[in-house]
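Descriptive analysis of the structure
The chain contents come next:
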Amino acid sequence: MDIEKLVKTDQEQAVASWVNYLNQVRLDRLVNTLTQQDNNMAGAMESLNKALTQIRTEIIDRNRGGTKGMHGFIAEIAECGIGNARKQILGQEPDYHWVNDNGPVDLIRGGQEIQQKFVQSGGHLSLHAIAEHMKHYPDYLGKGGIYQISEDHYEKIQYYLSIPAEQANKMPTGTGEFSLKQWQEVHDFFDSGDVSVNDIEPSAITYADAQKDAISGTIQREKDHIAEENQDMRSKAYQNSKPTLAEGAKVTAISAAIEGATAFGSAIVKKRKSGKKFSEFDSEDWNQIATDTGMGSLKGGVRGLSVYALTNYTATPAAVASAVVTASFGIAEQAHLFRTGAINEATFIENSEILCVDTAVSALSSFAGQVLIPIPVLGAVIGNTVGTLIYQVGKDQLSKKEQAIINGYLREIQQYDTQLSADYQQAITAIRSNFSVYLELVTCAFSPDLQTALDGSVALAQSMGVPTEELLCNKEQVVSYFMD
């Protein structure tokens, strides 16, 4: 048994199995991510549907808040549903809770108390409503509370705060985009010092979005937004699961190191088996060892990169990919020997066929071992070791048996050949004798002499097996046959 060859195939299949493990880790991570994202998407949609149902049944159908106050309750429930959905699509726990007690707090978000103000009347951008709430609950902000206003009001406030006084007096007001009165009111509100900009945050929706006739469309737009974000996250997960240049370089480097180390150990063993001690190694020995190690590292790098590419960009199992690389190296070496005249064409073909069979056995054994022992690398190595050992032993034994069978066939063929030669000669002799008689009879049958021709025809017919009573043997019988 060639132990060195066995160790080498084990190392090759170990590298292939490791590459396959890396690929499987990425695929498993992708499957888990996509499965989790499906759950995230389902949770987000459920939160939005629940919010819309609650708005219809508890607010719109009951006309809670009336014409002027209904949108406030709608906004509170919508904020909870949308806020929870946006967290859930990211895989986070929903933490919005609707208080629903007409008290100082409308919402709670992860322990953060929120008072929501959606007030359009008077054009005060909800700031007057905040001021009124502060009068009734002056310690609200001190306890960590925060105010939330519609998104469009918040953006307008930010816009006014960004304009200095010297510029405000020059701003055009005819378009309705800028109001000097609102600008002054916003600055006066925050200059008072009771409420800072940091005490206010925007809602997920605008004032118009919270209206009774608009809320269904608002929730649907949010669903579309959530669906787009879900698709983006799935696409990102897929991109992250794809093979990368960095991982390919890592595989190449490690494979080169492993195969180089194996080649180094094999070269040392060869020198030791030749009878040399380590202390007796000369520069030529070390040069040879370095050459073998370098060649092993080069092959390892090519193997790692090839296996990584084949397993990721083609439908090739890792064990088969490694076998293909090994066979390619072997056939390339045989081709070099053939080109240099070291072997003939028949030997080249025979050796190449044996290489392909050997690597196929190694690949099949590794694949089977990995299936039976689903432990990365270990299963492939054990499978390759067992399969290769059985194959080598079987091949050796079969070779001996095949030789005995072939020799037996050769002896039988020789005996058959001798017997057939004798039978053939006997048959040829008989044919020649019979053909000679036949020619003589035919000559007589077609003789110009009528009596000779008659006698020859009778003799020819009798030789062909015609009964005598059916023959016309004389002139009288002929005349009688045609005339009577």
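Here the structure is shown first, and the text comes after it.
The sections below set out a description of the structure shown in this document. From a predicted model like this one, the values you see are computed outputs, not experimental measurements. (Residues numbered from 1 in each chain as written. Predicted model: local features only at pLDDT ≥ 70, side-chain atom pairs only at ≥ 80, totals over all residues. Heavy atoms only, no water.)

1. Topic: the pattern of salt bridges
- This structure, assessed with the given rule, holds 8 salt bridges.
- Among the salt bridges present, the one from D95 reaches K87, with a minimum N-O distance of 3.7 Å. (Salt bridge = Lys/Arg side-chain N within 4 Å of Asp/Glu carboxyl O.)

2. Quick notes on the environment of L52
- If you trace the backbone, L52 turns up in helix α1 (residues 3-60).
- Considering only alpha carbons, one finds L52 and G81, 29 residues apart in sequence, at a separation of 8.1 Å.
- In this view, L52 contacts I215, S216 and I219; residues no more than four positions away in its chain are not counted. (Helix = DSSP H or I, 4+ residues; strand = E, 2+ residues; numbered from the N terminus. Contact = heavy atoms within 4.5 Å.)

3. As for the packing of helix α2 (residues 66-88) against helix α7 (residues 215-241)
- Following both chains from N to C, one finds α2 and α7 inclined at 10°, their axes separated by 11 Å at the closest point. The angle between the axes of α2 and α7 places the two elements in the roughly parallel class. Together, I74, A78, I82, A85 and R86 of α2 and I215, I219, E222, H225 and I226 of α7 make up the contact between the two elements.
- Of the residues that constitute the contact of α2 with α7, the class distribution is 7 nonpolar, 1 polar and 2 charged. (Axes fitted to C-alpha atoms, helices over the stretch in contact; angles between N-to-C directions. Parallel < 35°, antiparallel > 145°, perpendicular 65-115°, else oblique. Nonpolar A, V, L, I, M, F, W, Y, C, P; charged D, E, K, R; others polar.)

4. Some remarks on the packing of aromatic side chains
- With the rule as written, the count across this model stands at 4 aromatic pairs.
- Here Y159 and Y160 contribute two aromatic rings whose centre-to-centre distance is 5.7 Å and whose plane-to-plane angle is 40°, an arrangement assigned as tilted.
- Assessed through its relative accessible area of 0%, Y160 is described here as buried.
- Linked through ring pairs, Y159, Y160 and F178 together constitute an aromatic cluster.
- Just above the ring of F73 sits the side chain of R64; from NZ or CZ to the centre is 4.3 Å. (Phe/Tyr/Trp six-rings, centres within 6.5 Å; stacked < 30°, edge-to-face > 60°. Buried < 20%, exposed > 50% of the residue type's maximum accessible area, 1.4 Å probe, protein only. Lys NZ or Arg CZ within 6 Å of the ring centre and 35° of its normal.)

5. Re the pairing of strand β3 (residues 112-117)
- By the bridge criterion, 3 bridges tie strand β2 (residues 107-109) to β3 in an arrangement that is antiparallel. Its bridge partner being in β3, I108 is matched across the sheet by E113.
- Relative to strand β4 (residues 146-149), β3 is paired through 4 bridges, and the arrangement is parallel. When the sheet's bridge partners are listed, I114 is paired in β4 with I146.
- Taken together, β3, helix α3 (residues 127-136) and β4 form a β-α-β motif whose crossover is right-handed. (Pairing = 2+ DSSP bridges. Right-handed = clockwise from strand over helix to strand, strands pointing away.)

6. Comments concerning unusual backbone geometry
- The residue N102 is not glycine, and still its phi comes out positive at about 55°.
- Here N102 lies in the loop between β1 (96-98) and β2.
- Not every positive phi belongs to a glycine, and L125 is a case in point at roughly 55°.
- Locating L125 in the fold gives a position in the loop between β3 and α3.

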